[in-house]
2 protein chains.
Amino acid sequence: MIKVVVDAMGGDYAPLEPIKGAVDAVTKKDNLHIILAGKEDIISSELQKLSYPKDRITIQNASEVIDTDEPPVNAIRRKKDSSIVVGMNLIKKKEADAFVSAGSSGAILVGGQVIVGRIKGVERPPLAPLIPTEKGVSLLIDCGANVDARPSHLVQFAKMGSIYMEHVIGMKHPRVAIVNIGAEEEKGNALVKETFPLLKACKDIHFIGSIEAREIPHGGADVIVSEAFVGNVILKLYEGVGATLISMVKQGMMATLRSKIGALLVKPALKDTLKAFDASQYGGAPLLGLNGLVVKTHGNSRAREICNSILQCQTFKEQQINEKIRESLSLESAGE
Amino acid sequence: MIKVVVDAMGGDYAPLEPIKGAVDAVTKKDNLHIILAGKEDIISSELQKLSYPKDRITIQNASEVIDTDEPPVNAIRRKKDSSIVVGMNLIKKKEADAFVSAGSSGAILVGGQVIVGRIKGVERPPLAPLIPTEKGVSLLIDCGANVDARPSHLVQFAKMGSIYMEHVIGMKHPRVAIVNIGAEEEKGNALVKETFPLLKACKDIHFIGSIEAREIPHGGADVIVSEAFVGNVILKLYEGVGATLISMVKQGMMATLRSKIGALLVKPALKDTLKAFDASQYGGAPLLGLNGLVVKTHGNSRAREICNSILQCQTFKEQQINEKIRESLSLESAGE
């Protein structure tokens, strides 16, 4: 039985969508137990409306909620009875395996490090969302809040990202590349130039060199290594350009009577194609390198994303990803 | 009379499209003189096929061509008779005002600094392309090859970018923002944190704070300040995500018979809308802060982009941008 805590109070559509996502997940999989963390009265009244295997969803009361605009460090320190702190404490006490939340990114990142804690040897836990490409998905590692990384951090990101893509997403020998402003080895800023030879020397990853940002949407690499500032810019620009272009395409289709008729005919096929360009079907962004698993899903997550994130936690646990990370990092220190 | 040198050998469609672009420009504007730099025999045989005011296009012979895959520093040093070196020398000798090329970005950046030279007081000349947004265009400064910038560089970029947007693009009081991973002042990497208060203290720019990458396509700021590594990632990802999404929309439209018919009806309106999302109508990317003007246009530029870049040089000269930059920087050093 795998135990996943779901933050029932996190995200734009809480508590309804996280609760529905939890119900969907236990309906799909037998060996899952969900703990919904949040205000007990609200959660139980919502649960009563739904049908599900009663023995596999329990509630852990938490009277407080951390808002997305609260300074994260303070929020984690002060709101001891918030759904995030209560949920993460269950991971810390080994009463559950994973924590899924669509709540405050900052609080999740801080809580992951402070409450759940790092695997011994992990210098910095990266946040690693999946981004859509023409060919499927790539893992963008790191998009977290800890900027100004050192080369050794990036090497660990490359290793953890490879393990995740291979064993959770099921991609054999994932291609690892470092974000750079040219394909040649001598290009790049100081951090990239120092990191490049270290990645090249790594025996347990499939390093293919530099990747220019232009090649990311074409699926030029499977694990895209970057320090968090650049990773964050990539992630958010991806969303921004995508949203802008799709809204402009819609506008264009509504411009004339002729185009409106065309839009009706085009719509179903277009919807299917664009659905492929949506990474949320794979689940949320894992915060890797922790003693347990923390998954951050998008703030606007619906039941589907929450359910996929829960199933992702199951694969993570079954594939013993943390054991594999420990092994990979200890090999490294033994080799030095 | 404003004199612009056009690199007739640069870009995917050289020499035909640069030559056509030059002809278009002198046909549109009376006070323009174009010098086409490149292989004289090829250029003159192409020119003979076109009709234009003969006295306003001349040829400057250059027997060599710098390829896009040549290491830039070596290419500029060795190919003394290349169209780029010959063209830039005309600017250096004050025999022309500006240089436009669709050729090797690296060689143009190196040549601009080494041959044309910086305005006294400019620490680093930034490459500043215009990028399309929902609302029009924004200037992304710096996307050049010099990474690991210092705060004082970014402050100069903000000033030069503001002058350019106001006087060349014609935007009153352009909003300046620094690329960051959150809107709050305390967010960011070491460079951004150091630069933020310096920008805030600048009296001659309209600084509005941080901009997250997500807001760039929505037109969240007019002058987007960033060091070159991040700027380069933004520029290339913009192109990559745009190209991928548009190709997916096209694919979707061709999926079924129904959608194909719809596509025919939608096409004209869609084309008009997406044309608005194309910054090349404003010209190429200026390399700012030089003794003269160097404009880099996209490698796949057609006559239209070359012509627009030439007209942009005219505005640059007429609006005395370099005098304004000199003034802005000397005010700064006087104030210190």
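Structure: see above.
Calculation criteria
Within each chain, residues carry numbers counting from 1 in the order of the written sequence. All chains are assigned letters beginning at A, and all ligands numbers beginning at 1, according to the order in which they are written. For a predicted model such as this one, the threshold for reporting local features is a pLDDT of at least 70, and the threshold for listing and counting side-chain atom pairs is 80 or more; totals across whole chains, interfaces and linings nevertheless cover every residue. In computing side-chain properties, one takes all heavy atoms of the structure into account and sets aside hydrogens as well as water. We call a set of buried residues a nonpolar core when its members are Ala, Val, Leu, Ile, Met, Phe, Trp, Tyr or Cys and they connect through side-chain atoms within 4.5 Å of each other. Using a 1.4 Å probe on the protein chains alone, a residue whose accessible area is under 20% of its type maximum counts as buried, one over 50% counts as exposed, and one in between counts as partly exposed. The contact criterion used throughout is that any non-hydrogen atoms of two residues lie within 4.5 Å. Only residues whose relative accessible area exceeds 30% and that form no salt bridge enter a patch; like-charged residues are grouped when within 9 Å of one another, and nonpolar side chains (Val, Leu, Ile, Met, Phe, Trp, Tyr) when within 5 Å. All accessible areas in this document rest on Shrake-Rupley with a 1.4 Å probe, and a residue is counted as covered only by the protein chains that are shown. Think of a salt bridge as a Lys or Arg side-chain nitrogen and an Asp or Glu carboxyl oxygen that are within 4 Å of each other. Charge convention: Lys and Arg are scored as positive, Asp and Glu as negative, and His as well as the terminal groups of each chain are ignored. In this description, the location of a charge corresponds to atom NZ of lysine, CZ of arginine, CG of aspartate or CD of glutamate. Runs of H or I in DSSP of at least four residues are treated as helices and runs of E of at least two as strands, each being numbered from the N terminus. Helix span, expected: 1.5 Å multiplied by one less than the number of residues in the helix. In this analysis, strands are considered paired if DSSP registers two or more bridges between them. Here the axes come from fitting lines to C-alpha atoms, over the contacting stretch only for helices, and the angles between their N-to-C directions go from 0 to 180 degrees. Least squares is used to superpose the copies, and the fit set is the C-alpha atoms of residues whose pLDDT is at least 70 in both copies.

J.: Quick rundown of the nonpolar core? Include the residues and the values.
T.: In terms of nonpolar packing, the biggest core is built from 181 residues, with Val4, Leu36 and Ile310 of chain A together with Val4, Leu36 and Ile310 of chain B touching the most fellow members. Aside from chain neighbours lying at most four places away, what touches isoleucine 310 of chain A is Val4, Val6, Gly21, Ala22, Ala25, Leu32, Ile34 and Val100 of chain A.

J.: Give a detailed account of a positive patch on the surface, specifying residues and quantitative values.
T.: Residue and element names in this part refer to chain A. A contiguous patch of positive charge on the surface is contributed by Lys28, Lys250, Lys267, Lys271, Lys275 and Arg304. Counting residues per element, the positive patch draws most heavily on helix H9 (residues 257-276), which supplies three residues. Residue position: lysine 275 is located in helix H9.

J.: Which residues make up helix H10 (residues 303-318) of chain A, and what values go with them?
T.: Residues and elements named next belong to chain A. With 16 residues, H10 should cover 22 Å at 1.5 Å per step; its first-to-last C-alpha distance of 23 Å lies within 8% of that length. Of all the 16 residues making up H10, 12 are buried; the element is thus mostly covered by neighbouring parts of the structure. Restricting attention to buried positions, one finds in H10 the residues Ala303, Glu305, Ile306, Cys307, Asn308, Ser309, Ile310, Leu311, Gln312, Cys313, Gln314 and Phe316. Glutamine 320 occupies a position one or two residues after H10 and carries a positive phi of about 50°.

J.: Tell me about the sheet that holds strand E11 (residues 293-296) of chain B, and please be specific about residues and values.
T.: All names here are of chain B. Pairing is mixed in the open sheet, where six strands are placed in the order E3-E2-E1-E4-E11-E10. The open sheet is flanked by strand E3 (57-61) and strand E10 (285-287), the only strands paired with a single partner. With strand direction ignored, the average angle separating the axes of adjacent strands in the sheet is 25°. When strand E1 (residues 2-7) meets strand E4 (residues 98-101), the two strands line up parallel, connected through three bridges. Bridging from a neighbouring strand, valine 4 pairs with alanine 98 of E4. Strands E4, E10 and E11 of the sheet are contacted by helix H5 (residues 105-116), whose axis makes an angle of about 175° with E11. In this fold helix H10 (residues 303-318) packs onto E1, strand E2 (32-38), E4, E10 and E11, with an angle of close to 145° to the strand it touches most, E1.

J.: I'd like a description of the pairing of strand E6 (residues 136-141) of chain A, backed by residues and values.
T.: Residues and elements named next belong to chain A. The buried fraction of E6 amounts to five of the six residues, a majority that puts the element mostly inside the structure. The pairing of strand E5 (residues 130-133) with E6 spans four bridges and is classified as antiparallel. Considered in E6, the bridge of proline 132 is made with valine 137. Counting the residues between successive antiparallel strands, the hairpin from E5 to E6 contains two residues. Pairing of E6 with strand E9 (residues 223-225) involves three bridges; the strand directions are parallel. Within the sheet, the bridge partner assigned to isoleucine 141 lies in E9 and is valine 225.

J.: So what about the relation of the copies chain B and chain A? Which residues, and what values?
T.: With an axial shift of 0.0 Å and an RMSD of 0.0 Å, the rotation relating chain B to chain A amounts to 180°. One copy is carried onto the other by what is essentially a two-fold rotation axis. For chain B, the smallest separation between a C-alpha atom and the rotation axis is recorded for glycine 262 of chain B, amounting to 1.9 Å. With an isologous cut-off of 70% or more, the 100% of interface residues of chain B that recur at the interface of chain A puts this contact in the isologous class.

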